[in-house]
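Here's the letter readout for the chains.
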Amino acid sequence: MMWTYLLINVLTLAGPMARSFEPRIAYWRKWRALFPAIALTLVFFIAWDSTFTQIGVWGFTPGYLLKFNILHLPIEEWLFFITIPYACLFIYEVLNYFLHRDWVGQAAIWIASAIMVLGAVVTVIYWGHLYTVTAFGLMVLLVGLHAFWWKSPWLGRFFLAYLVSLIPFVIVNGILTGAVTAQPVVWYNDAENLGLRLVTIPLDDFAYGLDLMLMNVGLYEWFKGRMR
């Protein structure tokens, strides 16, 4: 139905928004840092998304959309880059609140190194596959900058939050890629990706999701630091 993608966005946002005013975490108090981070990340990903939509790397099934497009993208896709980061950073803040110890911090460099090696190998092997090269290449760049250039102290906490976020990620992305619908809401040209899927989800999406979340968390932490 035409409300499908919009409903996915609404349900993704509903839980975190309802808990934003919970006094212990007080997520709403962090909106001054959160929304600029989301806005800047949105600009980057919309440019990427719109370009790849126009050249057929991926696209959208009209029957699940409201028929309102901006820059060749359905309005629901714009909302995706607001609702998903909002929910992911909520997970990040919840874990930071309840886990006072940074359990992953000491291993963050090793995890970052493994991710970078994996991303570099995949990028070389699948050179010419646009989605694979851009998603994994950006992953190598972002993780490398935070681990070895900026030495971001929160990187271990990010890795843990990303791991936890994979649970709702698989649910939401599974629905978008056709796990429960007759056709996928978002379709992919497998000639431009790894051609490997977890049920219906292209494996490239896991790198893309890390890119999206890490860019948001990085900017969010930067804005928080500027506001102290």
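Residues numbered from 1 in each chain as written. Predicted model: local features only at pLDDT ≥ 70, side-chain atom pairs only at ≥ 80, totals over all residues. Heavy atoms only, no water.

1. Details of unusual backbone geometry
Our working rule: Strands here mean DSSP runs of E at least two residues long; helices mean DSSP runs of H or I at least four residues long; both are numbered from the N terminus. Residue exposure (1.4 Å probe, protein chains only): buried if accessible area is under 20% of the type maximum, exposed if over 50%, otherwise partly exposed.
Not every positive phi belongs to a glycine, and Ala26 is a case in point at roughly 50 degrees. Looking at the element boundaries, Ala26 is found in the loop between helix 1 (4-19) and helix 2 (31-54). A residue is classified by how much of its surface remains accessible, and Ala26, at 8% relative accessible area, is buried. For Lys67, which is not glycine, the phi dihedral falls at a positive 70 degrees. In this fold, Lys67 is placed in the loop between strand 1 (58-60) and strand 2 (69-70). With relative accessibility at 58%, the residue Lys67 sits in the exposed group.

2. Details of the side chain of Thr181
As a reminder of what qualifies: Polar contact criterion, stated in full: a pair of N or O atoms within 3.5 Å, where within protein one must be able to donate a hydrogen and the other to accept it, and residues adjacent in sequence count only if both atoms are side-chain atoms. Throughout, a residue-residue contact means that at least one pair of heavy atoms, one from each residue, lies within 4.5 Å.
Relative to the helices and strands, Thr181 is located in the loop between helix 6 (155-176) and strand 4 (186-188). A polar contact of 2.6 Å, which involves the side chain of Thr181, links it to the backbone oxygen of Gln183. Not counting residues up to four positions away in its chain, the partners in contact with Thr181 are Tyr64 and Ile175.

3. Points about a nonpolar patch on the surface
The condition is simple: Distance thresholds for patches are 9 Å for like charges and 5 Å for nonpolar side chains (Val, Leu, Ile, Met, Phe, Trp, Tyr), applied to residues having over 30% relative accessible area and no salt bridge. Computed with a 1.4 Å probe, the accessible areas rest on the Shrake-Rupley method; for each residue, only the protein chains presented here act as cover. When a carboxyl oxygen of Asp or Glu lies within 4 Å of a side-chain nitrogen of Lys or Arg, that pair is called a salt bridge.
Nonpolar side chains collect at one region of the surface, where Met1, Met2, Trp3, Leu7, Val10 and Leu11 lie side by side and expose about 620 Å² of accessible area between them. Structurally, Trp3 can be placed in the segment before helix 1.

4. Some words on the layout of surface pockets
Rules: Two kinds of site are reported from a 1 Å grid over the protein atoms alone, namely cavities, where a 1.4 Å probe fits but cannot get out, and pockets, open sets with protein on both sides within 12 Å along at least five of seven lines, and residues are called lining when an atom falls within 4 Å of a point. Grid points are joined across faces, edges and corners, and a volume is the space filled by probe spheres set on the points. Charged means Asp, Glu, Lys or Arg here, nonpolar means Ala, Val, Leu, Ile, Met, Phe, Trp, Tyr, Cys or Pro, and polar covers whatever is left, Gly included.
Size it by volume and the largest pocket reaches roughly 690 Å³. As for the largest pocket, its lining consists of 36 residues, and the residues nearest its centre are Phe80, Ile84, Phe169, Val172 and Asn173. Among the elements that take part in the lining of the largest pocket, helix 6 stands out by supplying 10 residues, more than any other. Considered as a void within the structure, the second largest pocket measures approximately 250 Å³ in volume. As for the second largest pocket, its lining consists of 14 residues, and the residues nearest its centre are His146, Trp150, Gly218, Leu219 and Trp222. Counting residues per element, the ones that place at least two in the lining of the second largest pocket are helix 2, helix 5 (130-149) and helix 7 (204-227). Tallied by class, residues from the lining of the second largest pocket come to nine nonpolar, four polar and one charged.

5. Quick look at the pattern of salt bridges
Taken as a whole, this structure holds four salt bridges when the rule is applied. Between Glu93 and Lys224 there is a salt bridge whose closest N-O contact spans 3.1 Å. Here the residue Glu93 occupies a position in helix 3 (residues 75-98), and Lys224 occupies one in helix 7, the gap between them amounting to 131 residues. One exposure class covers both Glu93 and Lys224, and it is buried. In this structure, Arg197 engages Asp190 in a salt bridge whose closest nitrogen and oxygen atoms are separated by 2.8 Å. Residue classification places Arg197 among the partly exposed residues on the basis of a relative accessible area of 33%.

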